[in-house]
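Analysis of the macromolecular model
The lines below spell out each chain.
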Amino acid sequence: MSTQNPVIPTKKTGISLLPLVSKNAVPILFAILCTLAAWLAKMDPWFLASEIITRLARNSLLVLALLIPVSAGLGLNFAIVLGAMAGQTAVIAITHYKMTGLWGFVVAMLASAPLAALLGYLAGKIMNRAKGREMITSMILGFFVNGLYQLVFLFLIGPVIPMQNRSIMLPSGVGIRNTVDLFRIEKVLDKLWRPIVLGVRIPMGTLIFVGLICAAIHFLMRTRLGQQMRTVGQDMHIAGVAGIDVDRTRIIAMIISTVIAAWGQLIFLQNISTLNTYNSHEQVGTFAVAALLVGGATARRATIWQAIVGVLLFHTLFIVSPQAGHAIIGVPQIGEYFRVFVAYGVIGVALALHAWQSRKS
Amino acid sequence: MVSLWEELLVVAYALEMRSITKQYFGNTVLKSVDVAVKPGEIHALVGENGAGKSTLMNILFGMPVIHQTGGYDGVIQIDGVDVKVDSPARAMELGIGMVHQEFMLIPGFSVVENIKLNREISRPNLVSRFLGSKLETLDLNTMGKESQVALDKLGIDIDHWAPVAGLPVGYMQFVEIAREIDKHNMKVLVFDEPTAVLTESEADLFLESVKRLAGLGLAILFISHRLEEVVDISNNITVIRDGEVVGRLAKDAARVDRIAELMVGRSVKQSALPPRKKEPSDDDIILQIRDLAVDMPGEKLQNFDLDVRRGEIIGIGGLAGHGKVALANGIMGLYPGTGQVIKDGQKLPLENPAAALKSNLAFVSEDRRGMGLLLDDSIEDNIVFSSMQIQNKFLKKHLPWPSTHMRDAEAIRAYALDTIRDLDVRCQGPNQPVRRLSGGNQQKVCLGRALALSPDVLFASEPTRGIDIGAKNLVLDLLVEINREMGMTIVITSSELAELRMICDRIAIVYEGRLVGTLDPTASDVDFGLMMAGGIGTGVKAG
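Please read all numbers here as calculations on a predicted model, not as lab measurements.

The next thing to look at is the interface of chain B and chain A. At the interface, 20 residues of chain B touch 19 residues of chain A. Elements with a minimum of two residues in the side of chain B that touches chain A: strand S8 (137-138) and strand S13 (285-294) of chain B. A class-by-class count of the residues in the side of chain B that touches chain A yields 9 nonpolar, 6 polar and 5 charged.

Next up on the list: the confidence of the model for chain A. Across chain A, pLDDT averages 87, with 93% of residues at or above 70. Here residues 1-14 of chain A scores under 50 on pLDDT; set against residues more than four positions off or in separate chains, the count is 12 contacts.

Between its first and last C-alpha, helix H14 (residues 304-329) of chain A extends 37 Å over 26 residues, near the 38 Å set by a 1.5 Å rise per residue. Just beyond H14 of chain A, the residue with positive phi is Gly330 of chain A, at close to 85°.

With that settled, the discussion passes to the pairing of strand S10 (residues 219-223) of chain B. When a strand is regular, its side chains alternate between the sheet's two faces. Residues and elements named next belong to chain B. Across the 5 residues that make up S10, a large majority, 5, are buried. Side-chain alternation along S10 places Ala219, Leu221 and Ile223 on one buried face and Ile220 and Phe222 on a second face that is also buried. By the bridge criterion, 4 bridges tie strand S3 (residues 42-46) to S10 in an arrangement that is parallel. Within the sheet, the bridge partner assigned to Ile42 lies in S10 and is Ile220. Here strand S9 (residues 188-192) runs beside S10; their pairing, made up of 5 bridges, is parallel. By the bridge assignment for S10, Val190 is matched with Leu221.

What follows covers helix H17 (residues 439-452) of chain B. With 14 residues, H17 of chain B ought to run about 20 Å at 1.5 Å a step, and its terminal C-alpha atoms sit 20 Å apart, in line with that. With its phi angle positive at about 35°, Ser454 of chain B sits one or two positions after the end of H17 of chain B.

With that out of the way, let us pick up the domain arrangement of chain B. Domains assigned within chain B are domain 1 (13-95 + 186-266), domain 2 (103-184) and domain 3 (285-532). For domain 2 of chain B versus domain 3 of chain B, the separation of C-alpha centres amounts to 47 Å.

With that settled, the discussion passes to the sheet that holds strand S21 (residues 457-461) of chain B. Strand pairing in a sheet takes place through backbone hydrogen bonds and is either antiparallel or parallel in direction. Residue and element names in this part refer to chain B. Spatial ordering of the open sheet is given by S18-S21-S22-S15-S23-S24, a layout of 6 strands whose pairing is mixed. The outermost strands of the open sheet, each flanked by one partner alone, are strand S18 (361-364) and strand S24 (514-519). The average angle at which neighbouring strand axes cross in this sheet is 20°, direction not considered. Here S21 pairs with strand S22 (residues 489-493) via 5 bridges, running parallel. Residue pairing across strands places Val457 opposite Thr489, the latter belonging to S22. Helix H12 (residues 324-331) rests against strand S15 (313-317), S18, S21, S22 and strand S23 (506-511) of the sheet, and its axis sits at about 135° to S22. Together, S15, S23 and S24 form the strand contacts of helix H20 (residues 525-532), whose direction differs from that of S24 by roughly 175°.

Judged by nonpolar contacts, the single largest core of 257 residues is most densely connected at Leu66 and Ile80 of chain A together with Ile220 and Phe459 of chain B. Once residues within four sequence positions are removed from consideration, Ile80 of chain A is found in contact with Leu62, Ala65, Leu66, Ser257, Thr258, Ala261, Val284, Gly285 and Ala288 of chain A.

On to the sheet that holds strand S14 (residues 301-309) of chain B, then. All names here are of chain B. Sheet architecture is open: 4 strands sit in the order S14-S13-S16-S17, paired in antiparallel fashion. One side of each edge strand has no neighbouring strand; the edge strands of this open sheet are S14 and strand S17 (346-347). Where strand S16 (residues 337-343) lies against S17, 2 bridges are found, and the strand directions are antiparallel. Within S17, the residue paired with Ile342 across the bridge is Lys347.

The rules we used
- Residues numbered from 1 in each chain as written.
- Chains lettered and ligands numbered in written order.
- Predicted model: local features only at pLDDT ≥ 70, side-chain atom pairs only at ≥ 80, totals over all residues.
- Contact = placed C-beta atoms within 7 Å.
- Helix = DSSP H or I, 4+ residues; strand = E, 2+ residues; numbered from the N terminus.
- Nonpolar A, V, L, I, M, F, W, Y, C, P; charged D, E, K, R; others polar.
- pLDDT = per-residue confidence, 0-100.
- Expected span 1.5 Å × (residues − 1).
- Buried ≥ 20, exposed ≤ 12 C-beta atoms within 10 Å, placed from the backbone.
- Pairing = 2+ DSSP bridges.
- Domains from an automatic or database assignment.
- Axes fitted to C-alpha atoms, helices over the stretch in contact; angles between N-to-C directions.
- Core = buried A, V, L, I, M, F, W, Y, C linked by C-beta atoms within 7 Å.

As structure tokens, then:
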């Protein structure tokens, strides 16, 4: 009984910065880590800046794809891997038909959207059966659909699905090559407008597109549908009593997320301009989730700014850690090891922290 | 009294429910109940737990549970027109609103967002023209204004953009009400125990608002256990007992003791219980409870003092939510608690279930599926589980280290067969998983397990809940038998007062988490009724 307990001593009232710091503990910790590693690596600041900008443009859409499921209470959607696979399927298609330039890219976007929407719909259906265990379900779903993807592109292309373009197929005539050169859409979006500011090349075309998606998400959360998603995310039972179709709302959130992820993967690929047919998508979910968590988001609350800050910090660490590892121990691999260690460690710690916080309340 | 002339003028009832009858699986829970409410009237519905009030409200609100179990008989009229309420959505369309006992609020949303939940006002925009009205932009300004109007009707002044999470409980209730009255065409508003969670000053404020709403012409159905406030604000009172209307009182005829008597009033045959060799007395106290507070959600207990005499059967009574089940749960260490419990001169550590069991206390939980039983394990394993874990019984000790001890299958089987015979557990054999037993037989297994501990004090929480009448009597007889033959002290908690009056030596009544007093089982209905409503009756003994 609370009235019987001794009064809990109130937190020390001191500097008003403290709550701000504790609230943003994770991004602050990573900012310190990044600064330290960058200083150790003795990297050229211009090179670092241009790398960060490139990676920001390349990766942020995949992280933004996670925001809507978080709002709708589905947690961190590892199943954006499904979207990535839809994007890659579209890229293989346009490469097969030898479509070039911005036109080809737009066709890929249009082609990937219905496929991603279908996958998102199915994923949403499964999530509705696995309420309360969405995150692990989405992760396993990613592995499972990866199997289907490999089946299609490794065995069915050729014997079942006829394909004329031998240049992207394995010499045996069955399956797609491990790497497909995407020279036809190389950096098409980046190159739309690429000003050089202070000696750093900025892929403005991509950044504007990402900005538009941010605006769209911002707008969506302020509509009737967005309000319904937030309600469902806060309490499914109350949402149901208020007359909201909970399952449908969750499915819509999954569809939007998967479509954004498909486009995110397209942006990633046009920048890298090589498709690792069987690997490019594998880590997409994990790394996007890690970046979002580094930005200070939780499985129940995530904002656009957390996504962007998270991409900045997470990828800065990615860039500088091999050099930092080399500088400290003389072995660059330690940095590579550190990247992976950080990615999974962040997810584990952030999820544990989240569980701890929600139990406390 | 309403004059004939007025009667003719005000014929129109906002809501009329006529001869409502409802059966659950052949068990009649409502028998031809009539309730009618006029616009502007506050009509109270009172009755004990399980009297049928909630079922009646579920029918009015078209809850799925009613229609999944075969619907109901009778007529519901709104404004004199027959209606069929087959879903909550339909009820809302018809202008029936309900303020739920548990809050249906989203803590992270602001007051306005909660009031307008899923009824948001939105403006069309460029996108929504193509993709439908779901993508219309929220018009927060108008939403705020309309919410303010609803709050003004209640006479409440709160910052309507503040998140609900930080509001005091009383204000959350107002937000719920504001949501209901913000719905247009609202005609009938049902309050299900609205003041149960409120402090006294909040309740006063709340009752003022209810009167104000009635003044606006709403018909109000008010369910409450606080009889003073019922008498205070209602125009008419309907008393329900065992699914039947047993009394209708107009405001000027209503008195708290009269209502209490109607609520409880059933003729209780105190069948003669077998005598003991030595009657329990205050000279031999087995359990001394001082200043006990238990933080059990929904059933808080505080400042609780009680002396349990060795060898008695003491009943703990009271209405739901007032903390009676928290006593046993607190002493057994299942919920956080503070205070002092002394058993046979030894101080019992709280919040420590193992210590409670080791002090020879045993507990039959009210939540037998959730806490009591390992549902997929066999009857015999369930019976010996606690005594094996706590007292190291039924183990073969070949080696000195405790973790190497093995279960003694023969001893377990022999003991289980004895228990099954003694307690008359109807089953296929000791190997049967308890999940497939009926409620009454599961309860017997729970009892069997508690008895396997051979405790000094047995706490039985709602031992007859959810089991049929025949099995109920069996369980009660069994408790008496254990008490008389083994001299075991029994603390029994029950929502059914009649059952406590049948077997107990004394009955302690809990109200709002505190002990009001103890009564003799032969005390009058009025005394019981009053005490359960927080008052002090005439036949009170010193607690």
